[in-house]
Amino acid sequence: MPNWCDQEVYIHGETSMVTHLYWELKERKRFCDVVLPIPLEVIGQPFDGKGTSPQYNWRCDNWNTKWDVTNIQIMEEIVHGDDHYPMPTSYFRFKCWTAWDAPIPVWEKLHEMGIEVQAEYEVEGCDVVGEFTLGEHHCRTLTDEEIKEREARWEEENTFVRYEEVIKNAES
C-alpha cells in the first residue's frame, strides 16, 4: 500500500487547453497522462513478468508517481473568463490523490506550456507538505505541533478515507 499524496490544485490558462484538461479529469479520470502521455514505444515494450513494467518505471521517472490521479474531487467547476485579450482564459480547482508524491514534473510541464498551476500537497506517512506556484516548488517537513493539530483536525472532521476504495479506484 503506498503513502498517498493529498493535493489541491488550481489550473488557469488558455481556454481550449484548460477545458480539455478539465474534461479529461472529470470525465475520464486522467490528468498526468494527458499532460505527459506515456510514449508509444514504452507502451509497446514487453513486460517479462519480473520486477516492474516499463510503463510503471516510466510513470515513476516522468510523473513522480506510479499511477495517475485518483480520488478526484472537483472543488470549483470550470469558469470561462470574459477576457479576450490577449486570449480567452478559464480556470478550475480540484483535489486528488497520487501514490507516493506530488506529480511535480506534470505541473512543471503545464507551467512551460503557459498554464498557471497553484498546488498545495501533503504526503502521508512522511509528514511532508509542499506547494507549487509560479513554476517553483517548495516543500518542508511538518513540525511536531503541526502533526498534532492535523491529527486532531482529522479526528474532529472524521476525514479518514478507506484505502481499499482508493486503491481500487487507482487500479481500475
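Rules of the game
- Residues numbered from 1 in each chain as written.
- Predicted model: local features only at pLDDT ≥ 70, side-chain atom pairs only at ≥ 80, totals over all residues.
- Heavy atoms only, no water.
- Helix = DSSP H or I, 4+ residues; strand = E, 2+ residues; numbered from the N terminus.
- Buried < 20%, exposed > 50% of the residue type's maximum accessible area, 1.4 Å probe, protein only.
- Polar contact = N/O pair within 3.5 Å; in protein donor to acceptor, adjacent residues only side chain to side chain.
- Contact = heavy atoms within 4.5 Å.
- Phe/Tyr/Trp six-rings, centres within 6.5 Å; stacked < 30°, edge-to-face > 60°.
- Lys NZ or Arg CZ within 6 Å of the ring centre and 35° of its normal.
- Salt bridge = Lys/Arg side-chain N within 4 Å of Asp/Glu carboxyl O.
- Pairing = 2+ DSSP bridges.

Turning our attention to the side chain of R150. Relative to the helices and strands, R150 resides in helix α6 (residues 144-157). When its relative accessible area of 5% is taken as the criterion, R150 is described as buried. Within the structure, R150 has its side chain in polar contact with the side chain of D127 (distance 2.9 Å). Not counting chain neighbours up to four residues away, the residues in contact with R150 comprise E122, D127 and L142.

A word on the packing of aromatic side chains. In this structure the tally under the stated criterion is 10 aromatic pairs. Arranged with centres 5.7 Å apart and planes meeting at 35°, the rings of Y10 and Y91 form a pair that is tilted. Of the two residues, Y10 is situated in strand β1 (residues 4-14) and Y91 in strand β3 (residues 89-99); the sequence distance between them amounts to 81 residues. Ring geometry for W107 and F132: centres 5.7 Å apart, planes at 50°, overall tilted. Taken as a pair, W107 in helix α5 (residues 104-112) and F132 in strand β5 (residues 128-133) lie far apart in primary sequence, 25 residues in all. The class for W107 is buried, based on a relative accessible area of 0%. These aromatic residues form a ring-pair network of at least three members: Y22, F31, F92 and F94. Residue placement shows K66 over the ring face of W67; its charged tip is 4.6 Å from the ring centre.

Time to look at the pattern of salt bridges. Within this structure, the stated rule accounts for 10 salt bridges. Of the charged contacts, one joins R150 and E151 as a salt bridge, the two residues approaching to 3.9 Å between their closest N and O atoms. Salt bridges here are not isolated pairs; linked through shared partners, they connect E24, R28, R30 and D33.

The next thing to look at is unusual backbone geometry. Phi angles above zero are rare outside glycine, and N71 is one such case at about 50°. Looking at the element boundaries, N71 is found in strand β2 (residues 70-80). The backbone of D127 sits at a positive phi, close to 55°, despite the residue not being glycine. In this fold, D127 is placed in the loop between β4 (116-123) and β5. Residue D127 is classed as buried on the basis of its relative accessible area, which comes to 18%.

A word on the pairing of strand β6 (residues 136-141). Taken residue by residue, a regular strand's side chains alternate between the two faces of the sheet. With 6 bridges joining them, β5 and β6 adopt antiparallel strand pairing. Residue pairing for β6: G130 is matched across the bridge by C139.

Spatial relationships are all this shows, so hold off on functional conclusions.
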